[in-house]
Each structure stands twice: as C-alpha cells, then as structure tokens.
Amino acid sequence: MASTLLTRAPSASCGRERIGPRARFALLLPTLLLSGCIGDQTGATVQPAAIAVPREAPRTTGRERSTSDADHAKLVASFGGEYRAPASLRLVTEVTDRLVRATERPEETYAVTLLDSPVVNAFALPSGRLYVTRGLLALASDTSEIAAVLAHEIAHVTLRHATARTELALRSQLVSKVVADVLNDPVTGAQLQNQSKFALARFSRDQELEADGIGVRTLARAGYDPFGAGRFLTALSRTMALKTGTGVPGEPDMLATHPGTSERITLVTRAARLIGAPGLGADERTRYLAAIDGIAYGDNPGDGLVRGRRFLHPGLGIAFEVPEGFAIENTRNAVLGTTGEGSRRLLFDQVESHAGQGLDEVLKATWNDVIDPASLENRMVAGNPAATALSRGKDWTFRLATIRVGESTFRMIMAAKGGTDPDGAFRRWTESLTVIDPAETRTLRPLRLVLVTAAPGETTEALAQRMVVPDKPLERFLVLNGLERGAAVRAGQTYKVVLE
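First, a word on scope: everything that follows refers to the structure included in this document. Model, not experiment: these values are computed from the prediction.

Thresholds, definitions, all that
- Residues numbered from 1 in each chain as written.
- Predicted model: local features only at pLDDT ≥ 70, side-chain atom pairs only at ≥ 80, totals over all residues.
- Heavy atoms only, no water.
- Pairing = 2+ DSSP bridges.
- Helix = DSSP H or I, 4+ residues; strand = E, 2+ residues; numbered from the N terminus.
- Contact = heavy atoms within 4.5 Å.
- Phe/Tyr/Trp six-rings, centres within 6.5 Å; stacked < 30°, edge-to-face > 60°.
- Buried < 20%, exposed > 50% of the residue type's maximum accessible area, 1.4 Å probe, protein only.
- Lys NZ or Arg CZ within 6 Å of the ring centre and 35° of its normal.
- Salt bridge = Lys/Arg side-chain N within 4 Å of Asp/Glu carboxyl O.
- Axes fitted to C-alpha atoms, helices over the stretch in contact; angles between N-to-C directions.
- Parallel < 35°, antiparallel > 145°, perpendicular 65-115°, else oblique.
- Left-handed = near helix turned anticlockwise from the far one by under 90°.
- Nonpolar A, V, L, I, M, F, W, Y, C, P; charged D, E, K, R; others polar.

### Quick word on the pairing of strand S16 (residues 447-453)
Consideration 1: Of the strand pairs in this sheet, strand S4 (residues 296-297) and S16 are connected by two bridges, and their pairing is antiparallel. If you follow Ala296 over to S16, its bridge partner there is Arg448.
Consideration 2: One ladder, built from six bridges, connects S16 with strand S17 (residues 494-499); its direction is antiparallel. What sits directly across from Leu451, in S17, is Lys496.

### Some points on the environment of Thr113
Consideration 1: For Thr113, the location among the structural elements is in strand S1 (residues 111-115).
Consideration 2: Sequence spacing of Thr113 and Tyr83 is 30 residues, and the spatial spacing of their C-alpha atoms is 8.0 Å.
Consideration 3: Excluding residues that lie within four positions of it along the chain, Thr113 makes contacts with His72, Val76, Glu82, Leu130, Tyr131 and Val132.

### A closer look at the packing of aromatic side chains
Two aromatic rings, taken as a pair, are described by how far apart their centres are and by the angle between their planes.
Consideration 1: Evaluation of the coordinates by the stated rule reveals 10 aromatic pairs.
Consideration 2: For the pair Phe79 and Phe123, a centre-to-centre distance of 5.5 Å together with 50 degrees between the ring planes defines the contact as tilted. Of this pair, Phe79 sits in the loop between helix H2 (62-78) and helix H3 (86-101) while Phe123 is found in strand S2 (residues 122-124), placing the two residues 44 residues apart along the sequence.
Consideration 3: The class for Phe123 is buried, based on a relative accessible area of 9%.
Consideration 4: Taking the centre distance of 5.3 Å and the plane angle of 20 degrees together, the rings of Phe348 and Phe410 count as stacked. On the criterion of sequence distance, the pair formed by Phe348 in strand S10 (residues 344-351) and Phe410 in strand S14 (residues 408-417) is long-range, its members being 62 residues apart. Each member of the pair, Phe348 as well as Phe410, is classed as buried.
Consideration 5: In this structure, Arg134 is placed above the aromatic ring of Tyr83, and the distance from its NZ or CZ to the ring centre is 5.9 Å.
Consideration 6: Here the basic side chain of Arg285 rests over the ring of Tyr495, its NZ or CZ set 5.5 Å away from the ring centre.

### Side note on the pattern of salt bridges
Consideration 1: Per the stated rule, a full pass over the model turns up 21 salt bridges.
Consideration 2: Close ionic contact of Arg134 with Asp116 constitutes a salt bridge, the shortest N to O distance being 2.5 Å. Residue Arg134 is located in helix H4 (residues 134-139), and its partner Asp116 is located in the loop between S1 and S2; the two are separated by 18 residues in the primary sequence.
Consideration 3: The exposure class of Arg134 is buried, given its relative accessible area of 1%.
Consideration 4: Ionic contacts of the salt-bridge type, sharing partners, join the residues Glu94, Arg98, Glu284 and Arg287 into one network.

### Remarks on the sheet that holds strand S15 (residues 434-435)
Consideration 1: Strand order in the open sheet formed by four strands is S5-S6-S7-S15, and the pairing between neighbours is antiparallel. Edge strands, defined here as strands with exactly one partner in the open sheet, are strand S5 (305-307) and S15.
Consideration 2: Two elements, strand S7 (residues 318-321) and S15, share two bridges in a ladder whose sense is antiparallel. Opposite Ile318, over in S15, you have Val435 as the bridge partner.

### Examining the packing of H3 against helix H11 (residues 285-292)
Consideration 1: Running from amino to carboxyl end, H3 crosses H11 at an angle of 140 degrees, the nearest separation of the two axes being 7 Å. With respect to each other, H3 and H11 are oriented oblique. Here the hand of the crossing between H3 and H11 comes out left-handed. Along its contact with H3, which presents Ala87, Ser88, Leu91 and Glu94, the element H11 presents Arg287, Tyr288, Ala291 and Ile292.
Consideration 2: Of the residues in the contact of H3 with H11, the class split is five nonpolar, one polar and two charged.

This is the structure:
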C-alpha cells in the first residue's frame, strides 16, 4: 500500500490512473474481487490496448523518443520502480538476445527492465522494451522457464499483436460512432460497440495462443528445453491457486493479462512434444538459481509488510492486527482481507481529507451506499479521533471508520455477508491500529529468496519449516521449487526458500 493516495499506472501496465477514494472503493467492495486488467463483458481479460504504440523505426524523431521514454518512466514507477539485481538482469538480457537470434527477426533489439514488484508478470511494448517483475523471477525455477516467458512476449512484438489489437478496437469504435451519430441510431451503435468487445476478447485470446505456439518453437530453436513453457505455466497456476485459496485478490499478474492456464498448458505441451521428447534442450537450472539468489521476495517494506495477521507500514508509521481467521494481502491500492469461507472481508486504505473537514464528512464522502444516520458517531479509537458508522446493503452489512493518526486519515471497513453485524470483530481491529515504535521499524527487513542445499535425509517438510511466509509454508516451498506434494528432495541439490 503506497504511503499517499494511490495513483494508477499507465494503461500499458493495467494502469493506475488517479482515482478518488469514492471511485476506488467502488472497485474493491463489496465483493473485493476486482483487480488486474479490465475484462470485457465475456468474462475474458483483455490485454490493455494502450500498449499498442507503433513500433519505433530504427530512426526516430526526438519527440517520439521523448514520448517513449516518458511512458517507460511512468510504467516503471507504477510497478514500484526499477529493481537493481545485476546478476539477474545480466542473465535475462543474455537469454533475450539468444532468443531474438532464433526468431525470424534476429536484427531486432530489446531492452530489458526488471521491476520491483512482487506480482508475477512480464510484458513487452512494441517499442522493444521488455519488462519482468522480480515476482516472476522468484517463481521460475530454471533458465528455460524464464526463456519461455520472454519468448512468448517477444512473439507478441514480432507478430505486431498490440498494433493489430488497437487497429481493431479503433475500427470498431469508429463504426459504432458513425452509426450512432451520423445515422442517428444510438441503439444499433451501442449494439455494435458491445459486439466489438466480444470480437476484441476473442482476438486477444487467439493472439495469446498464437504467441504461445511460436514462443515454444523459438525456445527450442534457441537451444532451451521447450517443456519449460508448460512447467512455468503450471507453477503460475499453482501459485495463483494459493492466492485465490485465501479469497484475497492481489495486484495485476499474468492471469489478469493472459487467458486461463489450463488450455495454454495443453497447447504448449503439445507443441513441445511435436519437437521432441522431454529432456530435449537445456534448462540451466543451476545457472538460473545462482542468478536469482538473494533477490527480494514479497512486499517492499516501503509499501508495507504483512507478518501473519499483522500489517506494518514503516513509511506511514502505523500498524494493525486483523482478527483471527482473516488472511490479508497488501496491494498498491489497499490492504485487503477475507476469512477462509469468504463471509467476512475488510479493507484498509488512506484517504484524502481537507483542513476543517470533519471525519464524519470524510466517511460520508468516501461511501457510496446509505449510512444509518443513528449509527454515525464521532469518538476516540485507540487514542485517535475517528468517525464510525453502520451501512446495510442488499447482501452485505458494513462497519465503517475514518481515523486520523497525526496528519494522515485512514479508512477501515469490515463487511459481513447477510444481516450479521461485524461490530465486535470490527472494534477489535480498529482498536489495534497503533503507531509503530521507531525501534521496531529499524528491525524490519525485506524477505529474500535464498538458496539452501538439502542435507542427506532432509525432507520437503523440513526445508519448508525454514520459510518465513504468511501461511502455507510447505505449499509455497513446493510451488517455488516446482515440486509436487510427496516429492523427495535430493541431497546436495539447491532449493529456494524464503528468509528474512
């Protein structure tokens, strides 16, 4: 969670345009299920069309370079900034160059940027810029897996998918606008616009599958294990299952910008088998693990940290603890939480308030639904001035609070399904909001991915016990290392664990 009212990234990255607290709340509650790139009405997700800028020619004007550089800077900032990991960047760059030489356009050049984000994502701009998050680096288990991701994104650029997608969208919009405005038939215009969304969704899906097929063939031509694509997609599917198993939506990741993995795993595995049997090509596991040893894992302390049921934000100087049974996740928009069965949910974020504006006014200004007037109360919460209220919707009952700590104003919302009033748990949660002791702030350290060597007789359970993660250490250890439940570790082999 950013330390100021959050902004949305440029649409090239599932963007974060600046939105007020009222609009942001509408995105997050009551379902707390909306995150990632915007999907169309079919339920399929569509890659953001704004990345579809024309591919730069070898010679560009000063204005074109300036625009490209400005977009790049905004995009990098929206993903937490550039991540400095020389060994990782060197490997990813070398893999990219090797893949490009195996494409039909070996003369093309690409610039790789690592992003300081824990989400699993990678994308390419038509200008030849490739972006990989540190979250994706952590999930991949060997060089062929990271090469599979890069080959897929390079295929998008080579095939001019982004430009084709924009051309289709603009053409559809133009047709519907002409029908609505010129022919004075707004109903038919709206129908055509709606149909164009379906067409664009199908178009994007076909593009993804086409990029998968070409990516696997490029992978093999470059000498990498073509089955690495299937292994990475399987790891992606498993790690997302861990996240959705808590019911907590996270930041935009590859499942928000790409089709579901089951069909893709089948496709890339079939494509790899057409090339040869498993074991073909190099996976370079040892080299890859050495390059990512020590990279940051999970939240950046500057954006807040989750430690079990506790959330701490050194930059804001605050911390709180959620009630028993809640799992929480820190996103760039807010801290979100839910119980395992999904019947209770919560949201914590920072909101704007103006001089002289009462906290009750702030609360009403940031809430779209009706507030029970009799419930609105100005009082002290955990020694801080606050306004609290009750709101009953059709399917959920909400407890709301705006709390001022120093010069900052925070909003805390807990929702319970049906007519149940979550007041008791809500009071315990709001009363836990406290100022962090500076001494504790100095002790906070980011989590890191560290390589350990398995000792003779050591088990996956023993290695997983070393993991410093919010929950499910064994499941997370298995996913990070591409192992199935019940698998045995090999003595002398290195494995990834998460340590503080």
